[in-house]
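# Overview (structure and organization)
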Amino acid sequence: MPKRNATAAVIGAGDFIGSEIARKFAAEGFSIFAGRRNGDKLAPLVQDIEAAGGDIHARSLDARKEDEVIAFLDDADKHAPLEVCIFNVGANVNFPILDTTERVFRKVWEMACYSGFLAGREAARLMLPRGGGNIFFTGATASLRGGSGYAAFASAKFGLRAVAQAMARELGPENIHVAHLIIDSGVDTEWVRQRRLEALGPNALDNPDLLMPPSSVANAYWQLYQQPKSAWTFEMDIRPFGEKW
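Structural notes, computed from the coordinates. (Residues numbered from 1 in each chain as written. Predicted model: local features only at pLDDT ≥ 70, side-chain atom pairs only at ≥ 80, totals over all residues. Heavy atoms only, no water.)

## Here we look at the sheet that holds strand β3 (residues 55–60)
On the basis of which strands lie adjacent, the open sheet formed by seven strands has the order β3-β2-β1-β4-β5-β6-β7 and parallel pairing. Strand pairing shows two members of the sheet lacking a second neighbour, β3 and β7 (235–238), which therefore form its edges. For this sheet, the mean angle separating the axes of adjacent strands, direction not counted, is 15°. Here strand β1 (residues 7–11) runs beside strand β2 (residues 31–36); their pairing, made up of five bridges, is parallel. Counterpart to A8 in the pairing with β2 is I32. Seen against the sheet, helix α1 (residues 17–27) touches β1, β2, β4 (82–87) and β6 (176–183) and runs at an angle of roughly 175° to β1. In the packing of helix α4 (residues 102–127) onto the sheet, contacts are made with β1, β4, β5 (133–140) and β6, and the angle to β4 comes to roughly 175°. (Pairing = 2+ DSSP bridges. Helix = DSSP H or I, 4+ residues; strand = E, 2+ residues; numbered from the N terminus. Axes fitted to C-alpha atoms, helices over the stretch in contact; angles between N-to-C directions. Contact = heavy atoms within 4.5 Å.)

Written out as structure tokens, the structure reads:
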């Protein structure tokens, strides 16, 4: 395994997409700082990466709290220069508009938009003095379209996309690559599988290629990281071959 004197921070290192991102960048030699609400749930990821010879530091992190985000990224940067920060916090909920409470709307915005702003700002603060870095944000179909029942989620994802766009235009000339990855698909997780069965019936999972493996998302982020500065992508959208769009 190649070793780099660099850290990749994954904010929202859940069991599926976030963990696969961490595994991919660890396999490429990065030290990993992985954060999620309940840090104890990172134990399997730590075991996997360390067993493969990688370096990982797992933390409990509430990405909505400014002081926790600052401390998390500061610690990552002190361990080795922060070269990559990936914001992957999920907040996908579906409620009819009359059932969307003030608390739900505000909480989803805090999780999917406000916390992304905090992560991006603090990563930029550490990267600007060195004149380089990579800040990537996970988006969704809802980043572009407000579907029925998704007023809270789509508004937050629209907002995150706007934060990412503004940062990309400001930080690109400073040699910091900011990108927004739109996952226009159900990702192959137990929760998504169950939702598809409930919505589409017992044959909903007959074609496994209609769900996106989390490892495919991780590989897309790796492709973004590898792009030369002469041809940076701001927005990449990925979907399985059979997805209608």
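## Concerning the pattern of salt bridges
Pairs can form between side chains of opposite charge whenever their charged atoms are close. Under the counting rule described, the total for this entry stands at 15 salt bridges. Residue R64 pairs with D62 through a salt bridge whose shortest N-O separation is 3.1 Å. Since its relative accessible area comes to 22%, R64 is described here as partly exposed. Across the pair E122 and R121 runs a salt bridge, and its minimum N-O distance is 2.8 Å. By sharing partners, the salt bridges in this structure join E66, R121, E122 and R125 into a single network. (Salt bridge = Lys/Arg side-chain N within 4 Å of Asp/Glu carboxyl O. Buried < 20%, exposed > 50% of the residue type's maximum accessible area, 1.4 Å probe, protein only.)

## As for the environment of G116
Considering the arrangement of structural elements, one finds G116 in helix α4. For the pair G116 and I21, spaced 95 residues apart in the sequence, the C-alpha separation amounts to 17 Å. Apart from the residues within four sequence positions on either side, G116 is in contact with F87, F137 and L160.

## Considering the pairing of β3
Here β2 runs beside β3; their pairing, made up of six bridges, is parallel. Its bridge partner being in β3, I32 is matched across the sheet by I56. Chirality of the crossover, the property in question, places the unit of β2, helix α2 (residues 43–51) and β3 among those that are right-handed. (Right-handed = clockwise from strand over helix to strand, strands pointing away.)

## What to know about the packing of α1 against α2
As a packed pair, α1 and α2 sit with axes 10 Å apart at the nearest point and diverge in direction by 15°. On the basis of their axis angle, the class for α1 and α2 is roughly parallel. Read as a crossing pair, α1 and α2 show a hand that is right-handed. Of the residues in α2, those touching α1 at S19, A22, R23 and A26 are L45, D48 and I49. Residue classes in the contact of α1 with α2 are distributed as four nonpolar, one polar and two charged. (Parallel < 35°, antiparallel > 145°, perpendicular 65-115°, else oblique. Left-handed = near helix turned anticlockwise from the far one by under 90°. Nonpolar A, V, L, I, M, F, W, Y, C, P; charged D, E, K, R; others polar.)

## A short note on helix α7 (residues 214–226)
One turn of an α-helix holds 3.6 residues; hence residues three or four places apart share an orientation. The end-to-end C-alpha distance of α7, which contains 13 residues, comes to 19 Å, matching closely the 18 Å that a straight helix rising 1.5 Å per residue would cover. Those residues of α7 that are buried lie in contact with α1, β4, β5, β6 and β7. (Expected span 1.5 Å × (residues − 1).)

## Some details on the layout of surface pockets
Roughly 1,700 Å³ of volume is contained in the largest pocket. Lining the largest pocket are 50 residues, with G90, N92, F153, W191 and V192 positioned closest to its centre. Looking at the lining of the largest pocket, the elements that each hand over two or more residues are α1, β2, α4, β5, α5 (151–171) and α6 (190–200). Per element, the largest residue contribution to the lining of the largest pocket is six residues, and it comes from α6. Within the lining of the largest pocket, the residues separate by chemical class into 21 nonpolar, 16 polar and 13 charged. (1 Å grid on protein atoms, 1.4 Å probe; cavity = no way out; pocket = protein on both sides within 12 Å on 5 of 7 lines; lining within 4 Å. Points joined across faces, edges and corners; volume = space filled by probe spheres on them.)

## Observations regarding unusual backbone geometry
Located in the positive-phi region is N175, a residue other than glycine, with phi close to 70°. Examined against the element boundaries, N175 turns out to sit in the loop between α5 and β6. Owing to a relative accessible area of 27%, N175 belongs among the partly exposed residues under this scheme.

As far as function goes, none of this settles anything; it's purely spatial.
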